[in-house]
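For reference, the chains in residue letters:
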Amino acid sequence: MKYSAQEVIQFVNEEDVKFIRLVFCDIYGRQKNISIMPGELPHAFEYGIATDASATEGFGDETHSDLLLHPDPSTLAVLPWRPEHGRVVRMFCSISHPDGRTFECDTRSLLKKAIEDANASGVNFAFGSETEFYLFKLDENGNQTNFPYDNAGYMDIAPEDKGENVRREICLTLEQMGICPESSHHEEGPGQNEIVFRYSDALSAADNAMTFKTVVKTAAYRNGLWADFSPKPLPGKPGNGFHINMSAESSANEDLLPHLIAGMLAHTADMTAFLNPMEDSYKRFGANKAPEYISWSAENRSQLVRVPAAVGRYRRAELRSPDPCANPYLAFALLIYAGLDGIKNKMMPPEPADINLFKADETVLARFKKLPSTLDEAVSVMKQSAFIKAHIPEQLINAYSRKLR
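Below or above, wherever it landed, is the structure these notes cover.

1. Re the overall build of the protein
Line of reasoning, step 1. Summing up its helical and strand segments, the protein has 12 helices and 16 strands in all.
Line of reasoning, step 2. Computed over C-alpha atoms, the radius of gyration of the protein comes to 21 Å, within 12% of the 22 Å expected from 2.2 N^0.38 for 405 residues, which places it in the range of a compact globule.
Line of reasoning, step 3. Summarising its shape, the C-alpha atoms of the protein cover approximately 65 × 50 × 45 Å along the three principal directions.
Line of reasoning, step 4. Within the protein, the proportion of its 405 residues that are buried is 56%.
Line of reasoning, step 5. Contacts in the protein between residues at least 24 apart in sequence constitute 70% of all its contacts with a sequence separation of at least 6.
Line of reasoning, step 6. Per element, the accessible surface of the protein, about 18,200 Å² overall, is 48% carbon and sulfur.

2. Some points on the state of the cysteines
Line of reasoning, step 1. By the definition in use, this model includes zero disulfides.
Line of reasoning, step 2. Here Cys 180 stays unpaired: no disulfide links it, and the sulfur of Cys 171, its closest cysteine neighbor, is 11 Å away.
Line of reasoning, step 3. Free cysteine Cys 325: the closest other cysteine sulfur is in Cys 25, separated by 13 Å.

3. Points about the nonpolar core
Line of reasoning, step 1. Counting 92 residues, the largest nonpolar core has Phe 125 and Phe 127 as the members making the most contacts within it.
Line of reasoning, step 2. Not counting residues within four places of it along the chain, the set of residues in contact with Phe 127 comprises Arg 198, Tyr 199, Ser 200, Ala 202, Ala 205, Ile 244, Asn 245, Met 246, Phe 332, Leu 335 and Ile 336.
Line of reasoning, step 3. Listed in part, the 22 residues of the second largest apolar core include Ala 77, Leu 135, Val 166 and Ile 170.

4. Thoughts on the pattern of salt bridges
Line of reasoning, step 1. Scanning the entire structure with this criterion turns up 17 salt bridges.
Line of reasoning, step 2. Linking Lys 346 and Glu 254 is a salt bridge whose minimum nitrogen-to-oxygen distance equals 3.0 Å. Taken together, the positions of Lys 346 in the loop between helix H8 (328-344) and helix H9 (362-365) and Glu 254 in the loop between strand S13 (242-250) and helix H6 (257-275) put the pair 92 residues apart, joining distant regions of the chain.
Line of reasoning, step 3. Assessed through its relative accessible area of 46%, Lys 346 is described here as partly exposed.
Line of reasoning, step 4. Measuring nitrogen to oxygen at the nearest pair gives 3.3 Å for the salt bridge that ties Arg 315 to Asp 255. Placement of Arg 315 in the loop between strand S15 (305-307) and strand S16 (317-319) and of Asp 255 in the loop between S13 and H6 is noted, with a sequence separation of 60 residues between them.

5. Section: the packing of aromatic side chains
Line of reasoning, step 1. Applying the stated rule across the entire model yields 14 aromatic pairs.
Line of reasoning, step 2. Measuring from ring centre to ring centre gives 5.7 Å for Tyr 3 and Phe 11, while their planes differ by 65°; the resulting arrangement is edge-to-face. The residues Tyr 3 and Phe 11 share a single accessibility class, namely buried.
Line of reasoning, step 3. With a centroid separation of 5.6 Å and 40° between ring planes, the pair formed by Phe 133 and Phe 229 is classed as tilted. One end of the pair, Phe 133, is in strand S7 (residues 123-138); the other, Phe 229, is in the loop between strand S12 (225-228) and S13, with 96 residues separating them in the sequence.
Line of reasoning, step 4. Residue classification places Phe 133 among the buried positions, given a relative accessible area of 0%.
Line of reasoning, step 5. Phe 229 sits in the buried class, given a relative accessible area of 6%.
Line of reasoning, step 6. Of the aromatic side chains, those joined through ring pairs into one cluster are Phe 133, Phe 197, Phe 212 and Phe 229.
Line of reasoning, step 7. Directly above the ring of Tyr 154 sits Lys 289, whose terminal nitrogen or CZ lies 5.7 Å from the centroid.

6. Quick notes on the side chain of Ser 297
Line of reasoning, step 1. Turning to its location among the elements, Ser 297 is positioned in strand S14 (residues 296-298).
Line of reasoning, step 2. For Ser 297, a relative accessible area of 1% puts it in the buried group.
Line of reasoning, step 3. Engagement of the side chain of Ser 297 in a polar contact is seen with the side chain of Asp 354, the distance being 2.4 Å.

7. So, the environment of Asp 255
Line of reasoning, step 1. Exposure remark for Asp 255: the relative accessible area of 45% places this residue in the partly exposed category.
Line of reasoning, step 2. Residues Asp 255 and Ile 343, 88 residues apart in the sequence, show an inter-C-alpha distance of 9.9 Å.
Line of reasoning, step 3. Within the structure, the side chain of Asp 255 is placed 3.3 Å from the backbone nitrogen of Leu 257, a separation counted as a polar contact.
Line of reasoning, step 4. Only 3.3 Å separates the side chain of Asp 255 from the side chain of Arg 315, close enough to count as a polar contact.

8. Looking at H8
Line of reasoning, step 1. Over its 17 residues, H8 extends 24 Å from the first C-alpha to the last, a length consistent with the 24 Å expected when each residue adds 1.5 Å.
Line of reasoning, step 2. Along H8, 15 of the 17 residues are buried, which leaves the element largely enclosed by surrounding structure.
Line of reasoning, step 3. Looking at where H8 begins, the residue whose side-chain oxygen comes 2.9 Å from the main-chain nitrogen of Tyr 329 is Asn 327.
Line of reasoning, step 4. Positive backbone phi, at 50°, marks Lys 346, one or two positions downstream of H8.

9. Observations regarding the packing of H6 against helix H10 (residues 375-384)
Line of reasoning, step 1. It is the contact of H6 with H10, at a shortest axis distance of 8 Å, that shows an interaxial angle of 120°. Accordingly, the angle class assigned to the pair H6 and H10 is oblique. Read as a crossing pair, H6 and H10 show a hand that is left-handed. Between H6 and H10, the residues in contact are Ala 269, Asp 270, Thr 272, Ala 273 and Phe 274 and Ala 378, Val 379, Val 381 and Met 382, respectively.
Line of reasoning, step 2. Of the residues contributing to the contact of H6 with H10, the split by class is seven nonpolar, one polar and one charged.

Cut-off values and rules
- Residues numbered from 1 in each chain as written.
- Predicted model: local features only at pLDDT ≥ 70, side-chain atom pairs only at ≥ 80, totals over all residues.
- Heavy atoms only, no water.
- Helix = DSSP H or I, 4+ residues; strand = E, 2+ residues; numbered from the N terminus.
- Rg over C-alpha atoms; globule rule 2.2 N^0.38 Å.
- Buried < 20%, exposed > 50% of the residue type's maximum accessible area, 1.4 Å probe, protein only.
- Contact = heavy atoms within 4.5 Å.
- Areas by Shrake-Rupley, 256 points an atom, 1.4 Å probe, with all protein chains shown as cover.
- Disulfide = S-S within 2.5 Å.
- Core = buried A, V, L, I, M, F, W, Y, C linked by side-chain atoms within 4.5 Å.
- Salt bridge = Lys/Arg side-chain N within 4 Å of Asp/Glu carboxyl O.
- Phe/Tyr/Trp six-rings, centres within 6.5 Å; stacked < 30°, edge-to-face > 60°.
- Lys NZ or Arg CZ within 6 Å of the ring centre and 35° of its normal.
- Polar contact = N/O pair within 3.5 Å; in protein donor to acceptor, adjacent residues only side chain to side chain.
- Expected span 1.5 Å × (residues − 1).
- Axes fitted to C-alpha atoms, helices over the stretch in contact; angles between N-to-C directions.
- Parallel < 35°, antiparallel > 145°, perpendicular 65-115°, else oblique.
- Left-handed = near helix turned anticlockwise from the far one by under 90°.
- Nonpolar A, V, L, I, M, F, W, Y, C, P; charged D, E, K, R; others polar.

Structural data, given as structure tokens:
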């Protein structure tokens, strides 16, 4: 259900809500929040709640540190793991300067702008994501160890798969919050799991990706475990992917998928610093079904872009390079602009690479361009990209460049 501001105030008053979490994320996709009491809600909706930008990494320094959080009432959700009496709810926020201007590094607002630009072009994008994570045991002090929760493999079942009940708790919690997971299973790595989301609009999909991490971490900790979303938690084992499925529709009922794929292929290298923002992100490439080359094919998991077997409205392109440390708002915004570029310019992809790139010889591989192989290389490509400069504010580019290097 999509609430209005007045309906949120009524809900809070009638449903024994005592704390309201106003949620946002820094430029790197790390979730932040501030809790307010019910009596502050009218002020929050009308004026916003002040926050210190200088204390949030990437938001600026002490010279202009005041920013305001503006809750989006349509994102109201009860946190099911908090007490039944004195309930806790959360809302995602937009961020503004005190004079009302949108904050340049508010990545949720950047995604909203990308959606508006797409709608103005007569194109509607939908997203779904598949997010992998490891479950590790905790030590006697409640800290993460490097001991996986189990040693099960791909789609194994209990008792080898010890994560079954944790995934069940995660999926049921997400359902209670109005988010629809499609499937869940054990992945290839020891203690590694994956949950797949149902398709939705871009903003809801990004909000859901943020909520998902919170729910997974909370459910894991409640079960005496630690959820690890880093790109390469264990040397020599599969890394964690954040596979992004994307489709586009227009009122003209054109087949936009080829243009969408072409746009993704043209700009993924430029985006890689945002899609893979950790040094360890690049240890994942080229092994265990993580791509290394800029290529595409149908149903082929050795490719950068895969077209899964599907028909009708389920036809989509899957980008396999991102990892869960990516900021989903930035990732989806950039993919929308890449798709729009392909659609507007009627770009067409090259011939599909219907081969296994993990087993191909050097003569074959020489035909394909590679993704950046290190974080330094990815940042250099990003800083030289006209595509990135056209769609990402300079302040955000500079902040990423400083942080990632």
